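Structural overview
Here is how the chains run, residue by residue.
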Amino acid sequence: MSTQINLTWHKKGVQECKRGIRSKGQSELPFSPDRRRQKHLLEDSTMRVCTRRRSRTLRFWLLIVFLCLHLLVVSLVLSIYHTSCEHHSYPDIQTSISFSIQNTSASTSTMAAAGSDTQEVEMDGTAGDLAKLEALYSHPLYNLPTPPLADGDWLLRVRTKKKEEERSAQQWLSANEDGYDPILWNASAETHPPWLRFHLGISRWQMYQHKDPNLSVLTQQMASHRIVSAVQKSGGTQLKLVMSFPNYGQALFKPMKQERHEETNANLYYFSDFERHNAEIAAFHLDRILGFRRMPPVVGRLINVLKQIKDITTDHKLVTTFFTSPVGNACFYGQCSYYCSTEHAICGRPLKIEGSMAAMLPDPSLAPRRSWRSPWRRSYSRSKLAQWETESNYCDSIKKMPPYDRGTRLVDLIDMSILDFLMSNMDRHHYETFEKFGNDTFLIHLDNGRAFGRHSKDEPSILAPLVQCCRVRRSTLLRLRLLSLQSYRMSDVMRASLSQDPLAVVAPLLTEQHLSALDRRLETVLQTIQDCLQQHQHHSDVIYDDITDYHGA
């Protein structure tokens with residue numbers, strides 16, 4: 001039908017065109033005796049003119065269609081670009097949890113047929129991982145009996161003399177300021193805030209006990225309590241803030257600098273890498289899973305750049321670094337050696353940023369710490385190698401040097417190298433201990449922000465202390481073997497542990513690639529220990545038995 005209409009319209013148009021031109025030609029052509037020849041010329045001219053007019057009309061309409069299509073494509077691209085560049089605004093953690101639950105229930109009711117199987121699989125996986133984590137922490141290797149501690153084995157003790165208590169209370173009260181809670185503490189632990197209970201729980205051998213009920217209370221406080229002060233911490237190569245709470249507790253805040261899915265640039269040297277907030281959080285969980293408990297508690301938190309930093313800080317130098325980005329985000333960069341500039345600013349989305357909150361250790365005036373240069377420290381040079389990188393028997397000389405010639409210092413250092421290898425941390429140049437305990441104490445695992453940078457590559461040189469010394473704690477070896485089993489697989493228990501952090505509502509703190517890398521690297525550590533056992537005739541030369549009362553395999 002449409003074809004007939006088009007043909008009719010076409011014929012009609014041609015006829016009208018011929019009629020118009022013919023009449024025009026007849027009126028304009030001069031008289032000629034050969035009328036037939038003139039008639040043919042007129043018809044040819046008429047057809048050429050009509051063809052040209054039709055061609056121009058067709059080109060005109062094609063141009064209009066092309067422009068319309070072009071405008072449609074441009075509008076579609078702009079709408080997609082606008083959606084992808086939309087600023088993320090983080091809701092509060094409580095709001096996020098509520099919103100997530102509401103969305104889950106809504107989607108379940110509207111898409112039950114399509115999504116029920118997937119949700120059940122995810123729920124089963126999460127529940128299974130949590131069950132593995134609970135089973136791990138209930139295993140006898142994590143509940144070994146510990147000998148009673150003497151008074152000298154505790155880092156801090158509460159004064160018992162009444163006059164000293166009164167004098168101490170007066171000193172605290174004199175420092176009371178607006179925004180802080182009144183002090184109502186006494187010798188009873190029930191009156192102490194969580195941060196003080198954490199300080200009083202530090203002993204010669206560990207930062208906190210395995211089943212310390214105060215641990216969850218402390219992390220919850222750091223993740224949710226009101227912040228009354230925020231100042232930049234002096235020293236260090238990258239930006240860090242000290243956050244204070246109304247109960248006089250403090251936490252070290254490291255802001256987010258890199259997305260979770262991003263890997264460290266392969267062309268970047270280890271000493272130029274970013275410090276990642278999720279690495280600090282994940283390192284704490286890994287340290288606990290390994291049974292070390294030598295790291296201060298760390299938890300994730302969302303911070304309002306303006307209300308919780310700029311508006312309450314007394315750090316005038318920090319205030320001068322705040323600005324608004326071209327897209328309206330609140331930003332600041334502070335003052336430090338690396339990445340403190342407008343090009344590497346910390347920006348909210350538009351106001352909130354993620355960060356890690358690490359519990360502060362007791363003030364050095366109360367509990368001095370000693371910093372030790374690691375024997376396996378890297379050269380921190382683009383061209384030079386460290387001594388241990390060129391001498392295969394390097395450990396023989398280290399074993400003869402104090403404090404590595406006695407006690408547990410050497411195996412403690414090897415524990416730390418295993419931890420660093422699992423999370424790919426190449427930035428372990430120093431470590432610290434509490435001076436009160438001398439050389440017979442644990443190593444404090446601080447500053448882990450450069451861990452978990454690359455999941456696609458393992459760095460075998462981090463294991464140099466284990467490879468060169470062939471020495472390891474029996475408790476460490478047994479736990480590593482346990483974590484290699486399917487029922488306690490490291491990636492699964494790590495995933496479950498990290499899921500309990502508040503920032504897990506926003507996104508998983510470690511990607512699946514990083515979790516898989518943990519399993520791969522664990523196999524490397526176990527194989528390295530097995531190689532050491534084959535190289536030495538007596539297992540006692542390799543295994544340091546620190547759990548003589550444990551008779552498990």
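Remember, it's a predicted structure, so these values are computed and weren't measured experimentally. (Residues numbered from 1 in each chain as written. Predicted model: local features only at pLDDT ≥ 70, side-chain atom pairs only at ≥ 80, totals over all residues. Heavy atoms only, no water.)

1. Some points on the overall build of the protein
Applied cut-off: Secondary structure elements follow DSSP: runs of H or I of four or more residues count as helices, runs of E of two or more count as strands, with numbering from the N terminus. We call a residue buried when its accessible area falls under 20% of the maximum for its residue type, exposed when it is over 50%, and partly exposed in between, using a 1.4 Å probe and counting protein chains only. A 1.4 Å probe and the Shrake-Rupley method give the accessible areas. Residues count as covered only by the protein chains that appear here.
When helices and strands are tallied, the protein shows 16 helices and 12 strands. In the protein, buried positions account for 43% of the 553 residues. Here the protein has roughly 30,900 Å² of accessible surface; of this, 55% comes from carbon and sulfur atoms.

2. A word on the state of the cysteines
Formally: By convention in this document, the label disulfide applies to cysteine sulfur atom pairs within 2.5 Å.
Using the criterion set out here, one finds four disulfides in the structure. With its sulfur 2.1 Å from that of its partner, Cys331 forms a disulfide with Cys347. With the S-S dihedral at roughly 110°, the linkage between Cys331 and Cys347 falls on the right-handed side. Of the two residues, Cys331 is situated in strand β6 (residues 330-332) and Cys347 in strand β7 (residues 346-347); the sequence distance between them amounts to 16 residues. Two residues, Cys470 and Cys532, share a disulfide whose sulfurs are 2.1 Å apart. Residues Cys470 and Cys532 share a disulfide whose torsion about the S-S bond is about -75°; that sign makes it left-handed. Here the residue Cys470 occupies a position in the loop between α13 (464-469) and β11 (472-473), and Cys532 occupies one in helix α16 (residues 512-535), the gap between them amounting to 62 residues. Relative accessible area serves as the criterion here: at 3%, Cys470 is assigned to the buried category.

3. Section: the sheet that holds strand β2 (residues 241-244)
Put simply, the rule is: Criterion used throughout: strands pair if DSSP finds at least two bridges between them. Helix axes are fitted only over the stretch in contact, all axes being lines through C-alpha atoms; the angle between N-to-C directions runs from 0 to 180 degrees. Contacts between residues were defined by any pair of non-hydrogen atoms, one from each residue, lying within 4.5 Å.
The sheet built from five strands is open, its strands ordered β1-β2-β3-β8-β4 with antiparallel pairing. Strands with a single pairing partner mark the edges of an open sheet, and in this sheet they are β1 (229-232) and β4 (298-304). Ignoring strand direction, the axes of neighbouring strands in this sheet form an average angle of 35°. As defined by bridge partners, β1 adjoins β2 across four bridges and the pair is classed as antiparallel. Paired with Ser229 across the two strands is Ser244, which belongs to β2. Helix-sheet contacts for helix α8 (residues 277-289) involve β3 (250-255), β4 and β8 (352-359), and the interaxial angle to β8 is about 35°.

4. Points about the environment of Asn425
Mapped onto the elements, Asn425 comes out in the loop between α12 (409-422) and β10 (430-434). Residue classification places Asn425 among the buried residues on the basis of a relative accessible area of 2%. Sequence separation between Asn425 and Ala451 is 26 residues, and the spatial gap between their C-alpha atoms is 4.3 Å. Those residues in contact with Asn425, other than ones at most four positions away along the chain, are Asp420, Asp447, Asn448, Arg450, Ala451 and Ile462.

5. So, empty space enclosed by the protein
The condition is simple: Put simply, the grid is 1 Å and covers the protein atoms alone, a cavity is a trapped set of points that fit a 1.4 Å probe, a pocket is an open set with protein on both sides within 12 Å along at least five of seven lines, and lining residues have an atom within 4 Å of a point. Grid points are joined across faces, edges and corners, and a volume is the space filled by probe spheres set on the points. As a working rule, the residues Ala, Val, Leu, Ile, Met, Phe, Trp, Tyr, Cys and Pro are called nonpolar, Asp, Glu, Lys and Arg charged, and the rest polar, with Gly in that last group.
Scanning all chains against the criterion turns up two cavities of 30 Å³ or more. Taken as a whole, the largest cavity spans an internal volume of roughly 180 Å³. Taken together, 15 residues make up the lining of the largest cavity; nearest its centre are Trp376, Asp420, Arg428, Ile462 and Pro465. Broken down by secondary-structure element, the contributors of at least two residues to the lining of the largest cavity are α12 and α13. Ranked by residue count, the leading element in the lining of the largest cavity is α12, at four residues. By residue class, the composition of the lining of the largest cavity is eight nonpolar, four polar and three charged.

6. So, the confidence of the model for the protein
Any residue range with low pLDDT should be treated as having predicted coordinates unsuitable for detailed reading. Heads up, the rule is: Confidence scores labelled pLDDT are given residue by residue by the predictor and lie between 0 and 100.
For the protein, the average pLDDT comes to 83, and 77% of its residues sit at 70 or higher. When the criterion is pLDDT under 50, residues 80-89 qualifies, and its contacts beyond four places in sequence or with other chains add up to six contacts. Overall, residues 91-121 carries pLDDT values under 50, and its contacts beyond four positions in sequence, including any with other chains, amount to 12 contacts.

7. Notes on the UniProt feature "active site" (unreviewed entry) in the protein
Formally: UniProt positions are given in the numbering used here, feature names are shortened, and annotations may be inferred rather than shown by experiment.
Residues annotated in UniProt with the feature "active site" (unreviewed entry) correspond here to Asp427. Here Asp427 is to be found in the loop between α12 and β10. What makes Asp427 buried here is its relative accessible area of 12%. Look past the residues within four positions of Asp427 in its chain and what remains in contact with it is Tyr380 and Arg450.

8. With respect to the packing of aromatic side chains
We count it as follows: Any pair of Phe, Tyr and Trp rings, taking the six-membered ring for Trp, is counted once the centres come within 6.5 Å. Such a pair is stacked with planes under 30 degrees apart, edge-to-face with planes over 60 apart, and tilted for the rest.
Evaluation of the coordinates by the stated rule reveals 12 aromatic pairs. Note on Trp376 and Tyr394: the rings are 5.6 Å apart at their centroids and 80° apart in plane angle, and the pair reads as edge-to-face. Of this pair, Trp376 sits in the loop between β9 (369-373) and α11 (394-398) while Tyr394 sits in helix α11, placing them 18 residues apart in sequence. On the accessibility criterion, Trp376 (7% relative accessible area) is buried. Three or more aromatic residues joined by ring pairs form one cluster here, namely Tyr180, Trp185, Trp195 and Tyr248.

9. Section: the pattern of salt bridges
Just so we agree on the cut-off: Should a side-chain nitrogen of Lys or Arg be within 4 Å of a carboxyl oxygen of Asp or Glu, the pair is scored as a salt bridge.
Counting across every chain of the model gives 23 salt bridges. The salt bridge partner of Arg495 is Asp129, with a shortest N-O separation of 2.9 Å. Linking Arg495 in helix α15 (residues 490-498) with Asp129 in helix α4 (residues 112-138), this pair joins segments that are 366 residues apart in sequence. With a shortest N-O distance of 3.2 Å, Asp415 and Arg294 are connected by a salt bridge. Of this pair, Asp415 sits in helix α12 while Arg294 sits in the loop between α8 and β4; the two residues are 121 residues apart in sequence, bridging distant segments of the chain. Each member of the pair Asp415 and Arg294 is classed as buried.

10. So, the sheet that holds β6
Read across the sheet, three strands follow the order β5-β6-β7 without closing on themselves; strand pairing throughout is antiparallel. The open sheet terminates on both sides in strands that have one partner only, identified here as β5 (323-324) and β7. Pairing of β5 with β6 involves two bridges; the strand directions are antiparallel. If you follow Phe323 over to β6, its bridge partner there is Cys331.

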